[in-house]
Structure formats: C-alpha cells, structure tokens
Amino acid sequence: MSALKDRLRADLTTAMKARDELRSSTLRMVLTAITNAEVAGKEARELSDDDVLGVLTSEAKRRREAATAFTEGGRAEMAAKEAAEGEVIAEYLPTPLTEVEISELVTAAIAQTGAADEGMRAMGKVMGVVTPQVRGRADGGVVAAEVRKQLG
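Keep in mind the model is a prediction, meaning the values are calculated, not measured.

For side chains of opposite charge, pairing can occur when their charged atoms come near one another. Enumeration over the complete set of coordinates arrives at twelve salt bridges. Between Arg 23 and Glu 91 there is a salt bridge, with its nearest N and O atoms 2.4 Å apart. Of this pair, Arg 23 sits in helix α2 (residues 21–39) while Glu 91 sits in the loop between α4 (76–90) and α5 (99–113), and the two are 68 residues apart along the sequence. Residue Arg 23 is classed as buried on the basis of its relative accessible area, which comes to 19%.

Here it is, written out as structure tokens:
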C-alpha cells in the first residue's frame, strides 16, 4: 500500500478520535475517491503514491472550483466549507510552485526541446517535458498559459 494512503488512513483515525468533523469527513471523501480510482477500469489495482497524489490534486481542484462557484452564486457558507476542505487536502500535496519557478521550468524546457524557433506548433513538445516536472505542484492551465506566453 502507498505510504500516502497509509498516512491518510492514520490521520482519519486521529481526526475521528479528536471528533474533528471537517477533517474526518474530508479525509473520508478523499479515501473514497482513491478507492474509486483503484477499482476503476477493467481490473482493480493498488495505486502508487504518484497516483494517490493525482487523486488528491483533482480533489483539491474540485474544491477550488466549487468554492468559486458557490461564491459567485452568493452562497458564502457553502463556499467557506469547500475552501476549508481544500485546505485540509492541500496539507497532503507538495508545496505548489511559484510563478517564477514555473517560468524557469518552461524556459528550460523550451531550450531543451529547441522549440524557440517553432513558435506555437511546439507547444505539445514543451508541455510534454514540463508536465511530469510540475505534476501535483502546479495547475496545468497556469503552466499552459506560461508556455503560450513564452512561445508566442
């Protein structure tokens, strides 16, 4: 079993003993999402730490989007709940990259692939190099925007 999944289970037990409703309900939802990912597809499989990290990233993104939607809809209480859940999930994610770090990674990838002369046609090539480096640490949309900016 992955170490991250073990940590999530142990933290769930601790949260339940401490009667921390928000934390325990959030960790339950995350563990359910991990279990669903494990049994999705043709064959059940054990997720690696990287796979668990991917599930956590998508759950955190889902919370951010829901909080934004609730805020725009005038439902501040629900937005606060989603944001609080997102903060709990964020504790298990690696520290996010800053804009400067993303920019440096993109610059290095463009130099590595020799894509500076090709312009926007080389976006896929550059994204293919950058994506594995930023997985779980930066939003794909932000990275793609930086690649477009530097290639364009």
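We are not done yet, so read on.
As a packed pair, α5 and helix α7 (residues 140–151) sit with axes 10 Å apart at the nearest point and diverge in direction by 55°. As judged from the angle between their axes, α5 and α7 are oblique. Like other packed secondary-structure pairs, α5 and α7 cross with a definite hand, here right-handed. Together, Ile 102, Ser 103, Val 106, Thr 107 and Ile 110 of α5 and Val 142, Val 143, Glu 146, Val 147, Gln 150 and Leu 151 of α7 make up the contact between the two elements.

Moving on, we get to the packing of α2 against helix α3 (residues 49–72). Relative orientation of the contacting elements α2 and α3 amounts to 125°, with a least axis distance of 10 Å. Comparing the axis directions of α2 and α3 gives the class oblique. Relative to α3, α2 is oriented so that their crossing is right-handed. Here Met 29, Val 30, Ala 33, Ile 34 and Ala 37 of α2 lie close against α3, whose contacting residues are Val 52, Val 55, Leu 56, Glu 59 and Arg 63. Looking at the contact of α2 with α3, its residues break down into eight nonpolar, no polar and two charged.

Let's shift gears to the side chain of Arg 63. Tracing the backbone through its elements, the reader meets Arg 63 in helix α3. Apart from the residues lying within four places of it in its own chain, the contact partners of Arg 63 are Met 29, Glu 82, Glu 85, Gly 86 and Ile 89.

Of all hydrophobic cores here, the largest spans 18 residues; its most connected members are Leu 8, Ile 34, Val 52 and Leu 56. Sorting the residues of this core by element identifies α1 (3–17), α2, α3 and α4 as the ones contributing at least two each. Sequence-distant contacts of Leu 56, defined by excluding residues within four places in its chain, comprise Leu 4, Leu 8, Val 30, Ile 89, Tyr 92 and Leu 93. Ranked by size, the runner-up nonpolar core spans 17 residues in total, among them Ile 102, Ala 109, Val 143 and Val 147.

Reading guide: rules and limits
- Residues numbered from 1 in each chain as written.
- Predicted model: local features only at pLDDT ≥ 70, side-chain atom pairs only at ≥ 80, totals over all residues.
- Heavy atoms only, no water.
- Salt bridge = Lys/Arg side-chain N within 4 Å of Asp/Glu carboxyl O.
- Helix = DSSP H or I, 4+ residues; strand = E, 2+ residues; numbered from the N terminus.
- Buried < 20%, exposed > 50% of the residue type's maximum accessible area, 1.4 Å probe, protein only.
- Axes fitted to C-alpha atoms, helices over the stretch in contact; angles between N-to-C directions.
- Parallel < 35°, antiparallel > 145°, perpendicular 65-115°, else oblique.
- Left-handed = near helix turned anticlockwise from the far one by under 90°.
- Contact = heavy atoms within 4.5 Å.
- Nonpolar A, V, L, I, M, F, W, Y, C, P; charged D, E, K, R; others polar.
- Core = buried A, V, L, I, M, F, W, Y, C linked by side-chain atoms within 4.5 Å.

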